[in-house]
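# Remarks on the overall topology
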Amino acid sequence: MAEASRSRKYRVVHYVNQFFGGVGGEEKANIEPFTIQGPQGPGRLLEKLFREEKADVDIVATVVCGDSYFADHQETVLRDLIPVIRGYDPDLVVAGPAFNAGRYGMACGAICRSLEPLGTPAITAMYKENPGLDQYRKTVLIVESSNTVSGMEDAARKMVRLGIKRLRGEEIESPKTEGCFEQGIRKNYFHEEPAYRRAIDMLLRKINEDPFQTEYPIPFFDRVEPRPALPDLKGVTIALVTSGGIVPTGNPDHIESSSASKYGKYPLDGLETLESKTHQSAHGGYDNTYANEDPNRVLPIDMMRTLEKELGFKPHRYYYATVGNGTSVDNAKKFAKEIAVELIRDGVQAVILTST
Amino acid sequence: MSYAKPRAGVQPVTHQWNKITVSDLGFSSPTRLENGKLLIHIDELTSLLRSDPNIRDVKLAIARPGESVRIIPVKDVIEPRLSLIPDYPVFPGVLSGWDPDVNGIPSGEIVSVSGMVVTTVGSIVGFQEGLIDMSGPGARYSLFSQKLHLVLDITVKEGIGRHDHETSIRMAGIKASDYIARSVLTPPLPAGSGETLINPEDPGSPASPKRAVGNGKPRIAYLYMLQTQGLLHDTYYCGVDVKTMLPRRIVPTEVLFGAIVSGNCVSACDKNTTYHQQNNPIILELLRRHGTDWDFAGCVITNENVTLGDKQRSSSLAAELIASLSPDGVIVSKEGFGNPDADLMMNCSKIEALGIKTVLLTDEFAGQDGASQSLTDTHPKADAIVSTGNANEVIVLPPMETVLGDDRVITELAGGSSKCRLPDGSVAIELQALIGSTNQLGFETISSRFK
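Residue numbers restart at each chain and count upward from 1, following the sequence in its written direction. Lettering of chains starts at A and numbering of ligands starts at 1, both following the order in which they are written. The model is predicted, so local features are restricted to residues of pLDDT at least 70 and side-chain atom pairs to those at 80 or more, both for listing and for counting; the totals for chains, interfaces and linings are taken over all residues.

For the rest of this paragraph, the subject is the domain arrangement of chain A. As assigned here, chain A comprises domain 1 (2-178) and domain 2 (237-354). All domain edges in this entry derive from an automatic or database-based domain assignment. The C-alpha centroid of domain 2 of chain A is placed 45 Å from the C-alpha centroid of domain 1 of chain A.

Residues and elements named next belong to chain B. Running from N to C, helix α1 (residues 42-49) and helix α3 (residues 162-184) point in directions that differ by 140°, and their axes come no closer than 10 Å. With respect to their mutual orientation, α1 and α3 come out oblique. Of the two elements, α1 crosses α3, and the hand of that crossing is right-handed. Two secondary-structure elements touch here, α1 through L45, L48 and L49 and α3 through A172, K175, A176 and Y179. Residues were grouped as follows: Ala, Val, Leu, Ile, Met, Phe, Trp, Tyr, Cys and Pro as nonpolar; Asp, Glu, Lys and Arg as charged; and all remaining residues, including Gly, as polar. Taken together, the residues that form the contact of α1 with α3 break down as six nonpolar, no polar and one charged. Helix axes use the C-alpha atoms of the stretch in contact, all axes being lines fitted to C-alpha atoms, and the angles between their N-to-C directions lie in the range 0 to 180 degrees. Only DSSP runs of H or I with at least four residues qualify as helices, and only runs of E with at least two residues qualify as strands; both kinds are numbered from the N terminus onward. For classification purposes, an angle smaller than 35 degrees is called roughly parallel, one larger than 145 roughly antiparallel, one from 65 to 115 roughly perpendicular, and anything else oblique. Crossings are sorted by hand: turned counterclockwise from the far helix by less than a right angle, the near helix makes the crossing left-handed, and turned clockwise it makes it right-handed. Here, residue contact means that the backbone-derived C-beta atoms of the two residues sit within 7 Å.

Residues and elements named next belong to chain B. Here four strands make up an open sheet; going across it, the order is β7-β8-β1-β12 and the pairing mixed. Every other strand in the sheet has two partners, leaving β7 (81-83) and β12 (193-198) as the edge strands with one partner each. For this sheet, the mean inter-axis angle between neighbouring strands, taken without regard to orientation, is 20°. Only when DSSP finds a minimum of two bridges between them are two strands counted as paired. Relative to β12, strand β1 (residues 14-21) runs antiparallel, the two sharing six bridges. Looking across to β12, one finds that K19 is bridged to S193.

Further remarks concern helix α5 (residues 102-115) of chain A. Since there are 3.6 residues in each turn of an α-helix, residues three or four apart along the chain are aligned in direction. Given the number of residues in a helix, its expected span is that number minus one, multiplied by 1.5 Å. The terminal C-alpha atoms of α5 of chain A lie 20 Å apart, and with 14 residues this matches the ideal 20 Å at 1.5 Å per residue to within 8%. Neighbour density around each residue's C-beta defines its exposure: 20 or more other C-beta atoms within 10 Å make it buried, 12 or fewer make it exposed, and counts between make it partly exposed, where C-beta atoms are placed from the backbone. Along α5 of chain A, 12 of the 14 residues are buried, which leaves the element largely enclosed by surrounding structure.

With that settled, the discussion passes to helix α8 (residues 195-207) of chain A. With 13 residues, α8 of chain A ought to run about 18 Å at 1.5 Å a step, and its terminal C-alpha atoms sit 18 Å apart, in line with that. For α8 of chain A, every residue scored as buried is listed here: A195, Y196, R198, A199, I200, M202, L203 and K206 of chain A. Along its buried surface, α8 of chain A packs onto β13 (219-227), α5 (281-288), β19 (329-333), β20 (357-364), β21 (385-390) and β25 (446-450) of chain B.

The next subject is the environment of D377 of chain B. Residues and elements named next belong to chain B. Examined against the element boundaries, D377 turns out to sit in the loop between β20 and β21. Between the C-alpha atom of D377 and that of E34, which follows or precedes it by 343 residues, the distance is 52 Å. Apart from residues lying up to four places away in sequence, D377 is in contact with D341, A342 and M345.

A few words now on unusual backbone geometry. The residue after G96 of chain A, namely P97 of chain A, is reached through a cis peptide bond having omega 10°. Within the fold, P97 of chain A resides in the loop between β4 (92-95) and α5. Of note, the bond from P187 of chain B into P188 of chain B is cis; its omega dihedral lies within 30 degrees of zero at 0°. Among the structural elements, P188 of chain B can be located in the loop between α3 and β12. Phi angles above zero are rare outside glycine, and F91 of chain B is one such case at about 50°. Mapping F91 of chain B onto the fold places it in the loop between β7 and α2 (100-103). F91 of chain B gets classed as buried once you count the C-beta atoms within 10 Å, which come to 27. Its identity as a non-glycine residue notwithstanding, C238 of chain B has a phi of 50°, on the positive side. Structurally, C238 of chain B is set in the loop between β14 (233-237) and β15 (240-241).

A separate point is the packing of helix α6 (residues 308-324) of chain B against helix α7 (residues 339-352) of chain B. A pair of packed helices is characterised by two quantities: the angle between their axes and the separation of those axes. Residue and element names in this part refer to chain B. Following both chains from N to C, one finds α6 and α7 inclined at 40°, their axes separated by 9 Å at the closest point. Here α7 runs oblique to α6, going by the angle between their axes. Here α6 runs over α7; the crossing is right-handed. Facing K311, Q312, S315, S316, A318, A319 and I322 of α6, the residues of α7 in contact are A342, D343, M346, N347, K350 and I351. Taken together, the residues of the contact of α6 with α7 break down into six nonpolar, four polar and three charged.

For the purposes of this analysis, a nonpolar core is taken to be any set of buried Ala, Val, Leu, Ile, Met, Phe, Trp, Tyr and Cys residues that are connected through C-beta atoms within 7 Å. Counting residues in hydrophobic clusters, the biggest one holds 132 residues, and the most contacted among them are A199 of chain A together with I71, V74, Y222, L223, I322 and I331 of chain B. Residues A29, I85, I111 and A125 of chain A belong to the second largest nonpolar core, which totals 54 residues.

This part takes up the environment of L299 of chain A. Residue and element names in this part refer to chain A. Here L299 shows up in the loop between α9 (289-293) and α10 (301-311). Under the C-beta neighbour-count criterion, L299 is labelled buried, with 26 such atoms within 10 Å. Here the alpha-carbon distance between L299 and I352, two residues 53 residues apart in the chain, equals 9.7 Å. Here L299 is in contact with L240, T242, G244, I246, L274, Y319 and T354, once residues within four sequence places are set aside.

Residues and elements named next belong to chain A. Strands sit in the order β2-β3-β1-β4-β5-β6 across an open sheet of six strands; the sheet is mixed. Looking at strand neighbours, the two that pair on one side only are β2 (34-37) and β6 (141-144), the edges of this open sheet. Within the sheet, the average angular offset between the axes of one strand and its neighbour, ignoring direction, is 25°. For strand β1 (residues 10-17) and β4, the ladder comprises four bridges, and the chain directions are parallel. Within β4, the residue paired with V12 across the bridge is L92. Packed on one face of the sheet, helix α2 (residues 42-52) meets β1, β3 (57-65) and β4 and runs near 160° to β3.

Predicted coordinates in regions of low pLDDT should not be interpreted in detail. Residue and element names in this part refer to chain B. Each residue gets a pLDDT score, which is the predictor's confidence in that residue and runs from 0 to 100. Averaged over every residue, the pLDDT of chain B is 92; the share at 70 or more is 94%. Considering only residues more than four positions removed or in separate chains, one finds that residues 1-9, a stretch of pLDDT under 50, has 16 contacts. Reported confidence for the predicted complex is 0.95 by ipTM and 0.81 by pTM.

Here the focus is the interface of chain B and chain A. Each side of the interface is counted separately: chain B has 64 residues, and chain A has 50 residues. At the level of elements, α5, β19, β20, β21 and β25 of chain B are the ones that each hand at least two residues to the side of chain B that touches chain A. A per-element tally of the side of chain B that touches chain A places β21 of chain B first, with six residues. Counted by class, the side of chain B that touches chain A contains 25 nonpolar, 26 polar and 13 charged residues.

Here the focus is the confidence of the model for chain A. The predicted model of chain A has a mean per-residue pLDDT of 93, with 97% of residues at 70 or higher. This stretch, residues 1-5 of chain A, has a pLDDT under 50; its non-local contacts, to residues over four places away or in other chains, come to one contact.

All right, on to the pairing of strand β18 (residues 295-304) of chain B then. Residues and elements named next belong to chain B. In terms of burial, β18 is largely enclosed, as 10 of its 10 residues are buried. Direction of pairing for β13 relative to β18: parallel, over a ladder of nine bridges. Across the sheet, the residue bridging to A221 is G298, located in β18. Where strand β16 (residues 248-250) meets β18, three bridges bridge the pair, whose relative direction is antiparallel. In the strand pairing of β18, I250 is matched with C299.

Here it is, written out as structure tokens:
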């Protein structure tokens, strides 16, 4: 079987920008996408290297798009191009290499990311400072290239080696050893040693000042500076947002008790206070007995109403709630972005965040 | 009236630990051990547990490794043990009054069954307890899949409060474990395996080696963090709720006797059941190679409370207590995740600030796709971390023929979701729901790395 699959003929589609597509430089960056049958520019080199590695590869088509056109019309370009590419029934799509060309790198990343979930393997290459790297490294296998076209052959060779593995359906366990950037994705595996032994070994190395490798390198954390206090609340619209899981009874949106994948938006109109009959905690990370007894303990509507009269602010008509328990930072950021857009649209000027 | 015994100059506390292997479980009267098979008198055990007025019904069942059985939702797992030391019973302070500082910890013998555990299940307060699969892909993630289980499915009377409910079920597991131990582990005992564990010298003792006059061996201490965040997130030391305590030193082999009892099971992957506490592998390894490969300087337990002030106070005290042991380095194990990440980082940074090196054991919550950052708090000094796996990673568990407990709760478990049931009866669930799968005392081999 292995021999048979090795002797198979593979169909590859190549994506390039206007420069590598032979159209022209920056002055042609606005050209609309078009397709050339067969390889073009670096595609010829790729095809030659595939064959040198004994992979019977035909680059059946080269898809070209101007970098500026892609950047300005990404959504429509992807909507139109992805079916065109898949129409060639490719076993693999290669995009770039993009080197340090920012818009080109973004386009290569976007194309690969759109294809992968559809079951079409797609790879690209770029320089470590290309903005496409940060944007797409988590979802796309990106080969590390030099910053200029002088590194073309080296990048092409690495792409071909990776491409052959993907053509053969091999799982890429360690992108780094394939010459790719680490995807920054945590993946579980079974170590030979239980964790307690690894911990003691690591401590002995640390004590002896021998080199050791942490199993989780500490990431850079966002720190949000608090805004200055508002001098006067009169007339200001204030919203309540909580990660403490206070939802209408029955948890209508089924917000998970841990690892929340969503948040809810619930009305406060006509509510003077929260009651145990009407609201509850959906949060599984703390003893919610007392929050269920009196939900104001986590989402202080009763106090808002009192202070509203005293200080003259306007409470927003809705509150937002999610569960902070084990919820990934990426999900939390996504919720915050969506909630913030709505709050700004609705004229909210200040937010009180309650957590548990 | 009793007084603390003088300790200076005395021999270190030494415990002989004998293990009697159980090869199978069955129901028969009387409760006994027969040719390696543990037989349990159903009526006697049931009526003992039903003497708690809050308990309405107890159903007993047996689960064996390799069987198509799912145990859900699990409250606690306990290994039956019997202390042969007069006046120092197992579960000190829980089944009888005990103050470790008044009585001291006497040396002597303890016997345990090996290969068999008591497992309590039943809907506790609605959601969040974990599951054990006895076969299939889930079995690889938990040491409990390799144990024989006596499962106690407990129903409480209607109308009792959640805290009383939790207490009743916690105590039922302890009582059942004690009942089995008393029934079958009294001498003369069948042949088993045994080992002698010698504790570090009390740091107050003149015989205790200090770093300054050390013998060239690295001195290692252990900071043992216990989750203490309220109902179903609590832990007990000698019967005392650890959230009401300050950090303190313990004699490491106290854990063998059940001095630390679990009252928590939510987000089951990284909660220490009582079994985990009784068999803490960090303590056992540090004791077994103590005096040969290193000097075990001692063990400090600390809590993970919910307020910032408590966290600051406990971490300052824990760091001070660790420093009093004059170690070169310290292993720090965490329990739970999220909020306790802050306790872990405070402990780490305050201990490192005293010139003592740290290694931290933690699991990760990096999202189902592994793309998110794993901890809710970090510190630049946390440069030596052992990962016990990403608990958000999803595993597909096929249906099991037998469910012990109630699997209707599976969508509500921490790690489950309203969409986790697949059309073929499988569940796609986060590792979070498998009890002990990412245990931070380091029992398991799972880890996580960058892809």
